[in-house]
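What follows is the residue order along each chain.
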Amino acid sequence: MFVITLTYVAPIEDIDALLPAHLEWLDRHYAAGTLLASGRRVPRTGGVILARATDRAALDAVLAEDPFRREGAATYDVVEFAPTRTAPGLEGLIPTV
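Conventions adopted
- Residues numbered from 1 in each chain as written.
- Predicted model: local features only at pLDDT ≥ 70, side-chain atom pairs only at ≥ 80, totals over all residues.
- Heavy atoms only, no water.
- Helix = DSSP H or I, 4+ residues; strand = E, 2+ residues; numbered from the N terminus.
- Rg over C-alpha atoms; globule rule 2.2 N^0.38 Å.
- Buried < 20%, exposed > 50% of the residue type's maximum accessible area, 1.4 Å probe, protein only.
- Pairing = 2+ DSSP bridges.
- Axes fitted to C-alpha atoms, helices over the stretch in contact; angles between N-to-C directions.
- Contact = heavy atoms within 4.5 Å.

What is the right way to look at the overall build of the protein chain in this model?
Along its length, the protein chain carries three helices and four strands. For the protein chain, the α and β elements follow one another from N to C terminus as β-α-β-β-α-α-β. For 97 residues, the compact-globule estimate of 2.2 N^0.38 gives 13 Å, and the protein chain sits close to it at 14 Å. The C-alpha extent of the protein chain, read off along each of the three principal axes, is 45 × 25 × 20 Å.

Looking at this model, I keep getting lost on the environment of Pro11. Mind explaining?
When you line up the elements, Pro11 lands in the loop between strand S1 (2-8) and helix H1 (12-31). Pro11 gets classed as partly exposed once you look at its relative accessible area, which sits at 46%. Between the C-alpha atom of Pro11 and that of Ala73, which follows or precedes it by 62 residues, the distance is 8.1 Å.

I would appreciate a short explanation of the sheet that holds strand S3 (residues 46-51) in the present structure.
Where strands meet in a sheet, backbone hydrogen bonds hold them as pairs that are either parallel or antiparallel. Spatial ordering of the open sheet is given by S2-S3-S1-S4, a layout of four strands whose pairing is antiparallel. Of all strands in the sheet, those bounded by a partner on one side alone are strand S2 (35-40) and strand S4 (74-80). Sheet twist, expressed as the average angle between the axes of neighbouring strands with direction ignored, equals 15°. As judged from the seven bridges shared by S1 and S4, these two strands associate in the antiparallel manner. Residue Leu6 lies in a different strand from S4, and its bridge partner there is Tyr76. Those strands touched by H1 are S1, S2 and S3, and its axis lies near 165° from that of S2.

Even after reading the chapter, I still don't get the pairing of S3, so can you show me in this structure?
Within a regular strand, the side chains alternate between the two sheet faces. Pairing of S1 with S3 involves six bridges; the strand directions are antiparallel. Pairing of Val3 across the sheet is with Leu50, part of S3. Bridge analysis of S2 against S3 gives five bridges, and the strand direction is antiparallel. In the sheet register, Ala37 faces S3, and the bridge partner there is Leu50. Taking the residues between adjacent antiparallel strands as the criterion, S2 and S3 are bridged by five residues.

Looking at this model, I keep getting lost on the environment of Val48. Mind explaining?
Along the chain, Val48 falls in strand S3. On the basis of relative accessible area, Val48 is assigned to the partly exposed category, the value being 35%. For the pair formed by Val48 and Leu59, sequence separation is eleven residues and the distance between their alpha carbons is 14 Å. Excluding anything up to four places from it in sequence, Val48 contacts Val3, Ile4, Thr5, Ala37, Ser38, Gly39 and Arg41.

Here is the structure:
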């Protein structure tokens, strides 16, 4: 599992212009099961994504498609972790293997 933090490096007007394409990218990868949660940072300086991928290379390939990354509008910090405990209802986040 991975936690990705995005930090905007472009003016917010550029971010807003890329937002529809970014949302389409999110929708595609939610449907594929790669993305589990996402949202804006507060204050609005970037975003946070919780993702599941087979490995870091697979995740990097997904992130490379994000319009924010393609256009150089955001930087990405990726942390891999292995969840071992969750709140009730989130047990599906713990790998069974």
